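The chain contents come next:
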Amino acid sequence: QVQLVESGGGLVQAGGSLRLSCVASGRTFSNDAMAWFRQAPGKEREFVAAHGRSVSKYYAGSVKGRFTISRDNAKNTAYLQMNSLKPEDTAVYYCAARQLAVSLRGDEYNYWGQGTQVTVSS
C-alpha cells in the first residue's frame, strides 16, 4: 500500500520559516518524481515545487528564491524548506509522487498525501 505522509506545517509569522517533510512508503522512492502542491481556501490547487529522480528541480514563480525542494532517497523523504513566508503562502500543502518523469501538473501525479496546513500571519 502506497502512503505519503506530510508533516511540519503550522502557524508562523510573516518572514518566518517552516520545513515540510513527506515520508513515502510502499514504493521504490528513488524511481519517483516528487512534488509539492498547495490549495488555499476558495482557490484551485497549484504547483509549488517538483524534484526529479536525479537533480532536476522546478519551482513556481511565486516561491522561487524562497522555497527549496530536496529529497533523501535513503530516508524515502522529500522536503520543502520555506523561508521568507508571506500571508499568501497560507494553504494546505500536499506532497505527490509519480513514477519516472517529473511533471508540473497535479493531474499527472498518482499518489498524494493527506496534506498539512501552513498558516502565515501578517
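In short, a report on the structure. Since this is a predicted model, take the numbers as computed values, not measurements.

Some remarks on the environment of Ala78
Step number 1: Here Ala78 is to be found in strand E8 (residues 77-82).
Step number 2: A relative accessible area of 1% means that Ala78 is categorised as buried.
Step number 3: Residues Ala78 and Gly9, spaced 69 residues apart in sequence, show a C-alpha to C-alpha distance of 14 Å.
Step number 4: Sequence-distant contacts of Ala78, that is, excluding residues within four places in its chain, are made with Leu20, Ser21, Cys22, Phe29, Met34, Trp36, Ser70 and Arg71.

A word on the sheet that holds E8
Step number 1: Strand order in the open sheet formed by four strands is E1-E3-E8-E7, with antiparallel pairing between adjacent strands. The open sheet has two free edges, formed respectively by strand E1 (3-7) and strand E7 (67-72), since each of these has just one partner strand. The average angle at which neighbouring strand axes cross in this sheet is 15 degrees, direction not considered.
Step number 2: Inspection of the sheet shows strand E3 (residues 18-25) paired to E8 by six bridges, in the antiparallel sense. Each residue of the ladder has a partner; that of Ser21, found in E8, is Tyr79.

Looking at the state of the cysteines
Step number 1: Tallied over the entire structure, the rule returns one disulfide.
Step number 2: Two residues share a disulfide in this structure: Cys22 and Cys95, whose sulfurs sit 2.0 Å from each other. For the disulfide bridge between Cys22 and Cys95, the dihedral angle about the S-S bond is near -70 degrees, and by the sign convention the bridge is left-handed. Of this pair, Cys22 sits in strand E3 while Cys95 sits in strand E9 (residues 91-99), and the two are 73 residues apart along the sequence. Residues Cys22 and Cys95 agree in their burial class; the two are buried.

Let's talk about the packing of aromatic side chains
Step number 1: Within the structure shown, the criterion is met by five aromatic pairs.
Step number 2: Between Phe37 and Tyr109, the aromatic rings sit 5.6 Å apart at their centres with planes inclined by 70 degrees, giving edge-to-face as the arrangement. Of this pair, Phe37 sits in strand E4 (residues 32-39) while Tyr109 sits in the loop between E9 and strand E10 (111-112), and the two are 72 residues apart along the sequence. Across this residue pair, the class does not change: Phe37 and Tyr109 are buried.
Step number 3: Ring centres 6.5 Å apart and planes at 75 degrees place the aromatic pair Tyr94 and Trp112 in the edge-to-face group. Of the two residues, Tyr94 sits in strand E9 while Trp112 sits in strand E10, which places them 18 residues apart along the sequence.
Step number 4: Using a relative accessible area of 26% as the deciding quantity, one classes Trp112 as partly exposed.
Step number 5: Put simply, the rings of Phe37, Phe47, Tyr94, Tyr109 and Trp112 touch in pairs and so form one group of aromatic residues.
Step number 6: One cation-aromatic arrangement involves Arg45 over Phe37; the distance from NZ or CZ to the ring centre is 5.8 Å.

Some remarks on unusual backbone geometry
Glycine aside, negative phi is the norm for most residues, and most peptide bonds take the trans geometry.
Step number 1: Phi at Asn76 takes a positive value of approximately 50 degrees, unusual for a residue other than glycine.
Step number 2: Its relative accessible area of 25% is what places Asn76 among the partly exposed residues.
Step number 3: Phi at Ser84 is positive, roughly 50 degrees, even though this residue is not glycine.
Step number 4: When you line up the elements, Ser84 lands in the loop between E8 and E9.

Parameters at a glance
- Residues numbered from 1 in each chain as written.
- Predicted model: local features only at pLDDT ≥ 70, side-chain atom pairs only at ≥ 80, totals over all residues.
- Heavy atoms only, no water.
- Helix = DSSP H or I, 4+ residues; strand = E, 2+ residues; numbered from the N terminus.
- Buried < 20%, exposed > 50% of the residue type's maximum accessible area, 1.4 Å probe, protein only.
- Contact = heavy atoms within 4.5 Å.
- Pairing = 2+ DSSP bridges.
- Axes fitted to C-alpha atoms, helices over the stretch in contact; angles between N-to-C directions.
- Disulfide = S-S within 2.5 Å.
- Phe/Tyr/Trp six-rings, centres within 6.5 Å; stacked < 30°, edge-to-face > 60°.
- Lys NZ or Arg CZ within 6 Å of the ring centre and 35° of its normal.

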